[in-house]
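Commentary on secondary and tertiary structure
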Amino acid sequence: MLSAALSLTKEAVFFFSLLAVITPVSAQTPFLPDESKFGRPADQDNLSYCIDKRDPAWEVDARIAEAVASALLLNPDVYFVEDSAIRADVDQLYRHLRANCRLYFGFKLLPEVYPDWLTVTRAYYEIGYVFVTANPNWARLGDVPRDQALGPSLATAGDFRLVAYLNAQPANQRWSRYPMPNDAAALKAVIEGRVAAALVWAPSMYELGKSNPEIARLRILASDPMPEERVSVGAVLLSGEGFLSTSVDQAITTLINDGTIGEIVGGAGFPATPPSR
Amino acid sequence: MKKIHLLASSALAALMLVAPTGLAWAQDAASPLDGLETVTDDMLQNPADGDWLNWRRTLDGWGYSPLEQINKENVKDLRVAWTWSLTPGATEITPIVHNGVIFVHNNGDKVQALDAKTGDLLWEYVRELPEAVVTALNAGNSASKRNIAIYGDNIIVATSDVHLIALDAKTGQLAWDVAVADFSKGWRYSGGPTIANGVIVQGMTGCGNAQSGGCFITGHDPQTGAQVWRVNSVAQAGEEGNTWNGIPVESRFGGSVWNSGSYDAEQGLLFYGVGQPYPWIAEMNGLLPVKEGEQNNALYTDSTLAIDPKSGELKWYHQYLANDTWDLDYAYERMIIDLPFKGADTRQLVTVGKLGIIESIDATTGKWLWAKETIPQNVVASIDQTTGEKTINQEAIPHIGETTLNCPADPGGRGWPATAYSPRTQMLYLPLTEFCSNTTPQPIDPGQIYTGGGRATFARVPVENSDGNVGVVSAVKLTDQTEAWSTRQYAPITSAALPTGGGLVFAGDWNRYFRAYDDETGDVLWETRTNNAVNSFPVSYEVDGKQYVAVAVGNGSSQARSIAALTPDLVVPTAGSVLWVFALPDGAEGEGTQAAGNAQPAGDATANAEPSAPAAEATGNGPAGGNAPAAAGGTR
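These numbers were taken from a predicted model, which means no experiment stands behind them.

Reading the values: rules and limits
Residues numbered from 1 in each chain as written. Chains lettered and ligands numbered in written order. Predicted model: local features only at pLDDT ≥ 70, side-chain atom pairs only at ≥ 80, totals over all residues. Heavy atoms only, no water. Helix = DSSP H or I, 4+ residues; strand = E, 2+ residues; numbered from the N terminus. Buried < 20%, exposed > 50% of the residue type's maximum accessible area, 1.4 Å probe, protein only. Contact = heavy atoms within 4.5 Å. Areas by Shrake-Rupley, 256 points an atom, 1.4 Å probe, with all protein chains shown as cover. Domains from an automatic or database assignment. Buried area = accessible area lost by both parts, 1.4 Å probe. Core = buried A, V, L, I, M, F, W, Y, C linked by side-chain atoms within 4.5 Å. Axes fitted to C-alpha atoms, helices over the stretch in contact; angles between N-to-C directions. Parallel < 35°, antiparallel > 145°, perpendicular 65-115°, else oblique. Left-handed = near helix turned anticlockwise from the far one by under 90°. Nonpolar A, V, L, I, M, F, W, Y, C, P; charged D, E, K, R; others polar. Pairing = 2+ DSSP bridges. Salt bridge = Lys/Arg side-chain N within 4 Å of Asp/Glu carboxyl O. Polar contact = N/O pair within 3.5 Å; in protein donor to acceptor, adjacent residues only side chain to side chain. Disulfide = S-S within 2.5 Å. Phe/Tyr/Trp six-rings, centres within 6.5 Å; stacked < 30°, edge-to-face > 60°. pLDDT = per-residue confidence, 0-100.

Here we take up the overall build of chain B. Secondary structure summary: chain B contains five helices and 40 strands in total. A total of 636 residues make up chain B; the buried ones form 68% of that total. For chain B, the proportion of contacts with a sequence separation of at least 24, taken over those separated by at least 6, is 63%. Counting every atom, chain B has about 18800 Å² of accessible surface; 48% of that belongs to carbon and sulfur.

See the structure below:
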């Protein structure tokens with residue numbers, strides 16, 4: 001260790017962990033130079049929400065959002081996000097939630113990924129990541145020879161599960177992992193034979209397959225020997241919106257219990273299910 | 001105040017109908033624009049003392065002004081000469097100054113030419129950015145540019161919609177406009193151009209998980225903007241391609257080139273720094289676990305690239321940190337300095353990465369020479385004193401499912417605010433930050449489009465046994481790598497350092513203070529409180545025999561705001577980005593001009609240095625406290 005380098009004990013790490021609770025960077029709201037333009041929303045009889053057309057599940061989310069508004073006896077006031085950027089930093093949500101809407105639908109309810117200034121609703125459906133292949137002889141991930149490469153859309157929650165699984169295997173029993181920039185690139189790599197199987201968000205497979213017959217012809221593999229990864233999906237809103245959050249949660253519960261959400265996702269042929277809990 | 005009128009009302013009306021706009025103002029008196037000389041390569045390589053023509057004033061990257069009118073004795077009298085309000089938002093800018101005209105980039109790509117003596121507006125160019133660009137940039141700091149460039153008769157700007165443009169330096173009119181990459185795919189510019197041997201050179205950033213194959217540097221024709229070469233900052237197939245743990249090029253990400261470079265005219269070599277792989281966590285980007293028979297140092301990340309600016313040929317590279325999994329870029333200024341090394345004069349290339357370790361390599365070969373630590377860190381366990389190869393503390397490597405502690409935290413023990421070298425003292429002056437991060441890798445896909453910026457939760461915490469001080473300014477003698485002085489304070493230091501021939505080092509902090517330090521002792525000789533965070537690159541220039549010091553302040557830089565998480569009680573305004581310009585009162589310019597100090601001469605700039613005058617007490621008699629620049633007690 002260099003002369004000025006730290007010698008950190010476990011106690012010190014614990015101490016730092018405590019300090020982190022005191023000064024998390026995520027406690028800062030994102031910086032908006034024009035923040036003063038956005039006052040308190042006056043929704044009156046409307047439920048203001050954003051639907052992002054870049055999200056492969058946006059049509060299903062839009063129908064669920066309408067149902068939530070109806071359950072709350074509010075008029076749906078939808079703002080369609082038409083941005084062309086293929087990626088956006090989570091901080092940009094702050095601007096949308098100040099400027100355009102109070103709820104933003106279509107977010108994975110993953111633990112500890114959201115900054116303190118955001119909160120999430122309860123889930124309105126569950127769906128997962130899927131392994132996809134062009135090889136007709138494979139039915140499960142375990143059928144893919146270990147000397148082949150997998151192409152996960154990189155660093156997703158599903159990819160995290162794959163990394164954890166690979167790390168637990170002996171080195172000679174690991175598939176090569178080629179991280180792909182996004183679901184479309186991962187599916188293309190399967191079609192072109194550069195990877196044996198892709199790991200993608202199931203709604204992407206569903207949406208991209210509508211317009212691309214080659215993707216539609218790909219086959220979903222059972223995930224074993226890995227456990228199936230199911231992810232809950234809901235909406236996000238600013239942390240200060242406590243009453244709205246509670247109201248929306250109650251509406252979602254009602255819509256799950258009366259079968260409305262099951263009907264929406266089932267009717268769309270969308271591979272999702274209402275939350276199991 | 002001089003009367004200002006528009007050149008012609010009809011001309012204005014016509015100009016307002018076109019976009020982007022370049023509006024010109026004229027004055028009754030002769031405009032400094034009339035005396036604007038064409039900028040040549042010779043001028044860029046040997047700028048006049050009173051000009052600031054390159055990002056770090058000189059192409060060797062020093063960030064040093066030889067002006068000595070403002071010195072240790074009279075700096076106590078420094079006053080506001082004028083101020084100029086800038087577009088709100090981050091102001092990570094370096095003004096360019098030439099022949100009495102100061103050119104400044106505003107957040108959101110407004111470029112203005114001001115009379116450097118009076119602050120009068122001469123012209124401005126306002127770029128009309130696509131709405132998607134504005135929306136994205138308003139949530140970050142990518143609408144600020146750390147530098148612009150001047151060459152020939154044009155101001156060269158790397159824009160927020162990822163174009164390179166040239167503006168007529170006398171009128172602000174658009175001379176050419178070239179799209180270099182697609183903003184919607186994630187490409188970004190945050191640094192500005194370097195002019196090297198007649199070529200405009202620009203680094204690309206924003207190379208996250210959507211840009212297969214990583215980032216790049218491009219060379220452009222100054223007459224048209226046309227791209228003439230491209231150097232990839234991530235090794236492609238066939239070129240050092242076996243250093244990415246066996247993953248194909250389409251699965252390699254990162255290598256952002258987000259600051260400008262340096263140029264050694266004697267060698268004809270351009271030097272650029274490169275950032276880390278992406279996403280930062282190695283288990284995410286595929287660099288861990290390392291496969292049998294593979295290397296995972298991920299060239300050319302965290303490296304210096306030595307490039308022929310005419311051909312774009314990569315001559316050599318030196319990697320400082322292999323497989324960087326912490327976001328500890330080595331993407332900052334490269335300083336070309338002739339220094340003794342083991343008894344021989346050696347042309348050295350000195351840089352400091354986020355680790356805060358000063359490192360020197362041979363500027364002619366890339367061979368590693370020496371390193372000097374400055375702040376507490378726990379990532380590097382040891383450095384091979386022959387090769388510079390680093391042994392990594394395995395306990396600091398983040399893993400999925402774990403929280404690990406790394407020091408410094410990801411914004412860096414030094415961030416983009418630049419270090420600077422003074423030939424007067426042969427010292428390197430460093431704005432530094434002491435802090436650590438509890439790092440927990442997180443998936444990037446909370447929303448299918450929205451991703452976490454850092455691919456991990458970074459809980460920034462103080463260093464072990466911290467005295468509570470986060471901000472540090474240090475001076476290190478480069479001839480023997482000893483620390484000459486170091487000052488500590490609670491508020492993070494958020495500006496670049498500016499050493500001058502007057503024996504001063506200027507730097508500013510998050511708490512709105514802008515200070516002049518004694519370059520030999522670190523004593524604070526002058527300070528003033530501005531209206532916002534001092535978070536840019538201060539410069540010094542001269543007009544009509546009078547020396548000025550200019551610095552932009554403003555909130556919005558993600559780097560500064562990240563550090564400020566440790567000092568939440570220091571509140572700075574959201575609005576109020578301003579360019580502050582300081583000078584001595586009229587008639588006081590002659591005081592103490594020979595009192596710069598007793599540093600040993602190291603070149604022409606110090607040949608007349610005299611013994612040091614007693615250090616004055618900090619007077620605080622600048623424009624204290626007030627938020628409004630207009631109430632700041634200027635002398636004009």
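This part takes up the overall build of chain A. Helix and strand counts for chain A stand at nine helices and 11 strands. The long-range share in chain A, meaning contacts at least 24 apart out of those at least 6 apart in sequence, stands at 79%. Here chain A has roughly 12300 Å² of accessible surface; of this, 51% comes from carbon and sulfur atoms.

Residues and elements named next belong to chain A. What the domain assignment lists for chain A is domain 1 (24-126 + 231-267) and domain 2 (128-221). Each of domain 1 and domain 2 has a C-alpha centre, and these two points are 29 Å apart. Taken together, the eight residues of domain 1 in the interface contact 10 residues of domain 2. Summed over both sides, the interface of domain 1 with domain 2 buries roughly 760 Å², with 61% coming from carbon and sulfur. In terms of surface lost to domain 2, no three residues of domain 1 exceed Pro56, Lys108 and Val231, which account for 56% of the buried area on that side.

What follows concerns the nonpolar core. Grouped together as the largest cluster of nonpolar side chains are 176 residues, with contacts concentrated most on Tyr104 and Tyr125 of chain A together with Phe103 and Met204 of chain B. If you tally residues by element for this core, the top one is helix α2 (residues 58-71) of chain A, at seven residues. Residues lining this core come from more than one domain, with at least three contributed by each of domain 1 (24-126 + 231-267) and domain 2 (128-221) of chain A. Trp52, Trp82, Val534 and Val539 of chain B belong to the second largest nonpolar core, which has 40 residues in total.

With that settled, the discussion passes to the packing of α2 of chain A against helix α9 (residues 260-267) of chain A. Residue and element names in this part refer to chain A. Running from N to C, α2 and α9 point in directions that differ by 155°, and their axes come no closer than 10 Å. Our classification of the angle between α2 and α9 gives roughly antiparallel. Handedness of the α2/α9 crossing: right-handed. Contacts between α2 and α9 pair Val60, Arg63, Ile64 and Ala67 from the former with Thr260, Ile261, Ile264 and Val265 from the latter. Of the residues in the contact of α2 with α9, the class split is six nonpolar, one polar and one charged.

Attention shifts here to the environment of Phe105 of chain A. All names here are of chain A. Of note, Phe105 is situated in strand β4 (residues 103-108). In this structure Phe105 comes out as buried when scored by relative accessible area, which is 2%. Expressed as a C-alpha distance, the spacing of Phe105 and Asp61, which sit 44 residues apart in the sequence, is 6.3 Å. Excluding anything up to four places from it in sequence, Phe105 contacts Tyr49, Cys50, Ile51, Asp61, Ala65, Tyr124, Gly234 and Ala235.

So, on to the sheet that holds strand β29 (residues 436-441) of chain B. Residue and element names in this part refer to chain B. Here we have three strands laid out as an open sheet, ordered β26-β29-β31, and antiparallel in their pairing. Lying at the two open borders of the sheet, with one neighbouring strand each, are β26 (404-406) and β31 (456-461). Mean inter-strand twist for the sheet, computed between neighbouring axes without regard to direction, equals 30°. Two elements, β26 and β29, share three bridges in a ladder whose sense is antiparallel. From the neighbouring strand, Asn406 faces β29, where its bridge partner is Ser437.

Before going further, it helps to examine the interface of chain A and chain B. Taken together, the contact pairs 68 residues of chain A with 67 residues of chain B. The contact between chain A and chain B buries some 6000 Å² in all, and 60% of this surface belongs to carbon and sulfur atoms. Across the chain A-chain B interface, the total number found is two salt bridges. A salt bridge links Arg194 of chain A to Glu250 of chain B; its shortest N-O distance comes to 2.1 Å. Along the contact surface separating chain A from chain B lie 14 residue pairs in polar contact (both at pLDDT 80 or more). Taken together, the elements giving at least two residues each to the side of chain A that touches chain B come down to α1 (10-22), β3 (88-89), α3 (92-99), β4, α4 (157-167), β8 (176-177) and α5 (183-191) of chain A. Here the side of chain A that touches chain B takes five residues from α1 of chain A, the largest share from any one element. Among the residues forming the side of chain A that touches chain B, the class breakdown is 39 nonpolar, 14 polar and 15 charged. Relative to strand β30 (residues 450-451) of chain B, β3 of chain A runs parallel, the two sharing two bridges. Within β30 of chain B, the residue paired with Asp89 of chain A across the bridge is Thr451 of chain B.

The next thing to look at is the state of the cysteines. The tally for this structure, following the rule as stated, stands at three disulfides over all chains. The disulfide partner of Cys50 of chain A is Cys101 of chain A, and the gap between their sulfur atoms is 2.0 Å. As the torsion about the S-S bond is roughly -100°, the Cys50 of chain A-Cys101 of chain A disulfide counts as left-handed. Within this pair, whereas Cys50 of chain A is found in strand β1 (residues 46-52), its partner Cys101 of chain A is found in the loop between α3 and β4, the two being separated by 51 residues in sequence. Residue class for Cys50 of chain A comes out buried when judged on its relative accessible area of 0%. A sulfur-sulfur distance of 1.5 Å marks the disulfide that ties Cys207 of chain B to Cys215 of chain B. Sign of the S-S torsion, about 80° for the bond between Cys207 of chain B and Cys215 of chain B, identifies this disulfide as right-handed. We classify Cys207 of chain B as buried; its relative accessible area is 1%.

So, about the packing of aromatic side chains. Counting across every chain of the model gives 28 aromatic pairs over all chains. Ring geometry for Tyr124 of chain A and Tyr125 of chain A: centres 5.2 Å apart, planes at 70°, overall edge-to-face. Tyr124 of chain A gets classed as buried once you look at its relative accessible area, which sits at 0%. Look at Tyr125 of chain A and you get buried, because its relative accessible area is 1%. When the centroid spacing of 5.3 Å and the interplanar angle of 80° are considered together, the rings of Trp258 of chain B and Tyr332 of chain B count as edge-to-face. One end of the pair, Trp258 of chain B, is in the loop between β15 (227-232) and β16 (262-264); the other, Tyr332 of chain B, is in the loop between β19 (314-319) and β20 (335-341), and 74 residues separate them in sequence. Exposure class is identical for Trp258 of chain B and Tyr332 of chain B. Each is buried.

Residue and element names in this part refer to chain A. When pLDDT is averaged across chain A, the result is 88; 90% of the residues are at 70 or more. No element of chain A has a lower mean pLDDT than α1, which averages 36, and none a higher one than strand β7 (residues 149-152), which averages 98. Long-range and interchain partners of residues 1-26, a stretch whose pLDDT sits below 50, account for 51 contacts in this model, where long-range means more than four residues apart.

Right, let's get into the sheet that holds strand β40 (residues 578-583) of chain B. Whether parallel or antiparallel, the strands of a sheet pair through hydrogen bonds between backbone atoms. Residue and element names in this part refer to chain B. The four strands lie next to each other as β3-β40-β39-β38, forming an open sheet whose pairing is antiparallel. Lying at the two open borders of the sheet, with one neighbouring strand each, are β3 (79-85) and β38 (539-543). If you compare each strand with its neighbour and ignore which way they point, the axes differ by 25° on average. Inspection of the sheet shows strand β39 (residues 546-553) paired to β40 by six bridges, in the antiparallel sense. Looking at the pairing, Val551 lines up with Trp580 of β40.

Below, the discussion takes up unusual backbone geometry. Backbone torsion omega between Asp224 of chain A and Pro225 of chain A reads 20°, so that peptide bond is classified as cis. Its location among the elements puts Pro225 of chain A in the loop between β10 (219-221) and β11 (230-238). With an omega of -5°, the peptide bond between Leu288 of chain B and Pro289 of chain B qualifies as cis. Summarising the element assignment, Pro289 of chain B is placed in the loop between α4 (282-285) and β18 (303-307). At Asn245 of chain B, a residue that is not glycine, the phi angle is positive and equals roughly 60°. Among the secondary structure elements, Asn245 of chain B is positioned in the loop between β15 and β16. By relative accessible area, Asn245 of chain B is classed as buried at 0%.

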